[in-house]
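# Close look at the chain arrangement
Chain residues, written in single-letter form:
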Amino acid sequence: MRRRGLAEAEKALHVARVQEVVAREWKVPLSEMRSPTRRRAPVAQARQVAMYFSHVVYGVSLASVARHFGRDRTTAAHACRRVEDRRDDENFDRLLDDIARRLPEAGKKVWSQ
């Protein structure tokens, strides 16, 4: 039981770090990105990218990612698909690579798959 609590706390720290880095990069308030209501396009895009990094870089389950963002699992899955689809854009892909370098442990993952 204690192990599970530690894992949840660790997931929460990873997601919070991702949210901070992405919010700074997109120049959107962290409070808006965490808001349970819809927001303007840049905030929504930042939220999608943060969900993507939380899932892909840190391996947080889609259900857990969704909980941390006040969304449901299907929204988190949709966010990951949207970001993955945009990776074909060289500039967007480069931006994601730059952000990933600022995340602890991101360098340990095989990034370009």
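Values in this document were obtained by computation on a predicted structure and should not be read as measured data. (Residues numbered from 1 in each chain as written. Predicted model: local features only at pLDDT ≥ 70, side-chain atom pairs only at ≥ 80, totals over all residues. Heavy atoms only, no water.)

### A word on the nonpolar core
If you look at the biggest cluster of nonpolar residues, it comprises 30 residues, and the most contacted ones within it are Val 18, Val 22, Trp 26, Val 49, Phe 53 and Leu 96. Within the residue set of this core, elements represented by two or more residues are α1 (2-26), α3 (41-56), α4 (62-68), α5 (73-86) and α6 (90-101). Per-element tally for this core: the top contributor is α3, with seven residues. (Core = buried A, V, L, I, M, F, W, Y, C linked by side-chain atoms within 4.5 Å. Buried < 20%, exposed > 50% of the residue type's maximum accessible area, 1.4 Å probe, protein only. Helix = DSSP H or I, 4+ residues; strand = E, 2+ residues; numbered from the N terminus.)

### Digging into the confidence of the model for the protein
When the pLDDT values of the protein are averaged, the result is 85; 87% of them are 70 or greater. Within the protein, the element-level pLDDT minimum falls on α1, averaging 82, and the maximum on α5, averaging 96. Note on residues 106-113: pLDDT under 50 across the span, and eleven contacts to partners over four residues away in sequence or across chains. (pLDDT = per-residue confidence, 0-100. Contact = heavy atoms within 4.5 Å.)

### Focus: the packing of aromatic side chains
Throughout the structure, instances matching the rule amount to one aromatic pair. Between Arg 86 and the ring centre of Phe 92, over which it is positioned, the NZ or CZ distance is 4.0 Å. (Phe/Tyr/Trp six-rings, centres within 6.5 Å; stacked < 30°, edge-to-face > 60°. Lys NZ or Arg CZ within 6 Å of the ring centre and 35° of its normal.)

### As for the packing of α3 against α5
It is at 8 Å that the axes of α3 and α5 come closest, and there the two elements cross at 95°. The angle between the axes of α3 and α5 places the two elements in the roughly perpendicular class. Contacts between α3 and α5 involve Gln 45, Gln 48, Val 49, Met 51, Tyr 52 and His 55 on the former and, on the latter, Thr 75, Ala 76, His 78, Ala 79, Cys 80, Arg 82, Val 83, Glu 84 and Arg 86. When its residues are assigned to classes, the contact of α3 with α5 shows seven nonpolar, five polar and three charged. (Axes fitted to C-alpha atoms, helices over the stretch in contact; angles between N-to-C directions. Parallel < 35°, antiparallel > 145°, perpendicular 65-115°, else oblique. Nonpolar A, V, L, I, M, F, W, Y, C, P; charged D, E, K, R; others polar.)

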